[in-house]
Amino acid sequence: MPHTLDADAVRTWCGLALDALGRAREEIDAINVYPVADADTGTNLYLTVESATQAVTAAFDGHAAAPGPAAGPSLPEAVRAMAHGALIGARGNSGTILAQLLRGMADVLADGDGGVGRAEGPDGEADGLRRALRRAAELAYGGVAHPVEGTVLTVARAAADAAARTEGGPAAVARAAYEGARAALEATPAQLGVLARAGVVDAGGYGLVVVLGALAEAVSGRPPAAAGRPPAAGPVAAPDGCPAAGHAAGTDGSVGSVGEGPGGGPAFEVTYLLEADETAVARLRDRLDALGDSLVVVGGDGLWNVHVHVDDAGAAVEAGIEAGRPHRVRITHFGTAAARRAHADEPYPRPRTEDTGQLPDRPGAQEPPGARADRAARAVVAVVPGEGLATLCAEAGATTVAARPGERLAAGELAQAVRRARAREVVLLPNDAELRHTAAAAAAQARAEGVRVAVIPTRSPVQGLAALAVHEPGRSFDEDVVAMTSAAGATRYAELAVAERQSWTMAGVCQAGDVLGLIDGDVAVIGDGIAGTAETVLDRMLAAGGELVTLVVGADVPDGVAEHLERHVRDGHFAVDTVIYHGGQPGVPLIIGIE
């Protein structure tokens, strides 16, 4: 069913785009050969959209917390939040360009005179979306010092062209933009030699297709055909003079060895946020253009995101200082990316001696000499939903990250926890099915900084406890990861929740206040009390066998419930042991594990 293009649609779009990029992240990373073959485009796009999503969520939360009748943000507020979040969180070349694309859309959709509003109806919304996509492409081209065809810019322009040719409501326009972008993506190898040689489509363009597919789903109510999959790039004749792929590419698509410096592409990527006026930024563009290539400067209204590839990283930062106030400065040596690519076939890439450099005003700043030698050999980082679980995991030696009810953690928070663990090897336990993409993106960030990271896809805290119980730092990393993964996989999980409203479930219709028993993530039991519902869940799970029951008791569970359930297991199931932990997790009365 088509939806109105409003603030709720923007929030839905961001969530769908983040999930879709999470699924496609590794594939996009793998085909990243332009402008530098550093295998991080998918990760950078994910982190950019994650920042945009957090900003939109914060806008909704702010309105919900405001006094007076509950009302969500307006469309202008939501799109401005999305654009600002993308700007301050943009990563890499493609992420920076995507931030500018979102800013261009926000310029139109947030315009009180010519934007989109409920009063204008579907025709007005469709016209606003067409103009927003056109403005996005124009701003993106303007933000790149030397635009190159066969890239995300080409895909953005094709999306705007297809939208402009399409009649109908916003759902039809969004779907046409997606289809136009997809067709343009398929043609990118014929436009850019480095793509043709590698036999791939443009990675940044692929990411934009994923984002536009999410937009089409948000406003139409159904995913577009083949959403999230790139068109097949068959053998394409490379334009004359195109050498082999897998190297740093110049603005004309020519390539040289990564990190070689002069003659082989600049050695460093420099990015920072900059507070400056437009006159100073214009001068900065000229100076950075003379220093290097892949220059992208996006933003406006006094806040800019600067991205450039240079050999003299210090000069690029100094230019920013002269123009205004740079912050969140990040300097990456492309030798790090080359090393990551060299170990791409390893299941858990080994640490390198070359690191991502960061200035001291950024979390994870450069370590002092010898600090790496002080790192522990191995650590475990676990996401936990309650203070009791946090204490339990910490006593077992894990670095913990507190989950927040109703709010997804950011990849940057997990990456920072990996840094806090100060280990050369880290096992990451997300303990939540919703965090699998976030954890994978955090691991990619940590690997770029020289840490060997494995993500064990634990879906529940009880699976994390099972994995932590068999963790043995003395054995090899691969053996430890296999043992922990096996223990987690052998643990079936369930939890109780209280229904907030009437809803259809796989177990039937529930009413507000009902106690729901979820087994492996699906509602299997609907009851009217915690103890009775838990008994039914335990009996169903133990009917398939089990030797150990783990009960993690939530913050508001009445005294005696856990002991009652322990007696129920002892009386009804022979030779099954029960262990009880007081997890203190809010909103989830009971978490159950069966091993």
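Residues numbered from 1 in each chain as written. Predicted model: local features only at pLDDT ≥ 70, side-chain atom pairs only at ≥ 80, totals over all residues. Heavy atoms only, no water.

J.: What is the right way to look at the sheet that holds strand S8 (residues 376–384) in this model?
T.: Hydrogen bonds between backbone groups are what pair the strands of a sheet, and the pairing can be parallel or antiparallel. Across the sheet, four strands lie side by side as S9-S8-S10-S11; this open sheet has parallel pairing. Unpaired on one side and paired on the other, strand S9 (399–402) and strand S11 (452–455) mark the two borders of the sheet. This sheet shows a mean twist of 20° between the axes of neighbouring strands, independent of strand direction. One ladder, built from four bridges, connects S8 with S9; its direction is parallel. The partner of Val384 across the bridge, within S9, is Ala402. (Pairing = 2+ DSSP bridges. Helix = DSSP H or I, 4+ residues; strand = E, 2+ residues; numbered from the N terminus. Axes fitted to C-alpha atoms, helices over the stretch in contact; angles between N-to-C directions.)

J.: Is there a simple way to think about the packing of aromatic side chains in this case?
T.: The relation between two aromatic rings is expressed through the spacing of the ring centres and the mutual angle of the planes. The tally for this structure, following the rule as stated, stands at zero aromatic pairs. We note Arg11 situated over the ring of Phe60; from NZ or CZ to the ring centre the distance is 3.8 Å. (Phe/Tyr/Trp six-rings, centres within 6.5 Å; stacked < 30°, edge-to-face > 60°. Lys NZ or Arg CZ within 6 Å of the ring centre and 35° of its normal.)

J.: Is there a simple way to explain the pattern of salt bridges in this structure?
T.: Proximity of charged atoms lets side chains of opposite charge pair with each other. Enumeration over the complete set of coordinates arrives at 19 salt bridges. Linking Glu413 and Arg404 is a salt bridge whose minimum nitrogen-to-oxygen distance equals 2.8 Å. Between Arg475 and Asp480 there is a salt bridge, with the nearest N and O atoms lying 3.1 Å from each other. Put simply, Arg378, Glu425, Arg452, Arg475, Asp478 and Asp480 are held in one network by salt bridges that share partners. (Salt bridge = Lys/Arg side-chain N within 4 Å of Asp/Glu carboxyl O.)

J.: Help me out: how do you make sense of the packing of helix H6 (residues 152–164) against helix H9 (residues 203–220) in this one?
T.: The description of two helices packed together rests on the angle between their axes and the distance between the axes. At a minimum axis distance of 7 Å, the contact between H6 and H9 shows a crossing angle of 35°. You can see that H6 and H9 cross each other, and the crossing is right-handed. Between H6 and H9, the contacting residues are Val152, Val155, Ala156 and Ala159 on the first element and Gly204, Gly205, Leu208, Val209 and Leu212 on the second. When the residues that make up the contact of H6 with H9 are grouped by side-chain class, the tally is seven nonpolar, two polar and no charged. (Left-handed = near helix turned anticlockwise from the far one by under 90°. Contact = heavy atoms within 4.5 Å. Nonpolar A, V, L, I, M, F, W, Y, C, P; charged D, E, K, R; others polar.)

J.: Which parts of the structure should I look at to understand the environment of Ile28?
T.: Inspection of the secondary structure assignment puts Ile28 in helix H1 (residues 7–30). Taking the C-alpha atoms as reference points, Ile28 and Thr41, separated by 13 residues in sequence, lie 6.4 Å from one another. Setting aside chain neighbours within four positions, we find Ile28 in contact with Leu21, Thr41, Gly42, Ala203, Tyr206 and Gly207.

J.: Got a minute to help me understand the sheet that holds strand S17 (residues 548–553) in this structure?
T.: Spatially, S16-S15-S12-S19-S17-S18 is the arrangement adopted by the six strands of the open sheet, whose pairing is mixed. Both outer strands of the open sheet, strand S16 (522–527) and strand S18 (577–582), are each paired with one neighbouring strand and no more. Neighbouring strand axes in the sheet, compared pairwise and without regard to direction, differ in orientation by 20° on average. Of the pairings in the sheet, the one linking S17 to S18 comprises six bridges and is parallel in character. Paired with Leu551 across the bridge in S18 is Ile580.

J.: Could you clarify how one ought to interpret the pairing of strand S4 (residues 292–300) in this entry?
T.: As a general feature of sheets, a regular strand has side chains that alternate between the two faces. Counting buried residues in S4 gives nine out of nine residues, a clear majority hidden from the surface. Bridge count for S4 against strand S5 (residues 303–310) is seven bridges, and the pairing is antiparallel. The residue bridging Gly292 from the neighbouring strand is Val310, located in S5. (Buried < 20%, exposed > 50% of the residue type's maximum accessible area, 1.4 Å probe, protein only.)

J.: How do you make sense of the pairing of strand S15 (residues 515–519) when you look at a structure like this?
T.: The buried count for S15 comes to five of five residues, which makes it a mostly enclosed element. The alternating pattern of S15 places Val515, Gly517 and Ile519 and Leu516 and Leu518 on opposite faces, both of which are buried. Bridge analysis of strand S12 (residues 492–498) against S15 gives five bridges, and the strand direction is antiparallel. Its bridge partner being in S15, Ala497 is matched across the sheet by Leu516. Direction of pairing for S15 relative to S16: antiparallel, over a ladder of five bridges. Across the sheet, Ile519 pairs through a bridge with Asp522, a residue of S16. Connecting the antiparallel pair S15 and S16 is a turn made up of two residues, with Asp520 showing a positive phi of about 50°.

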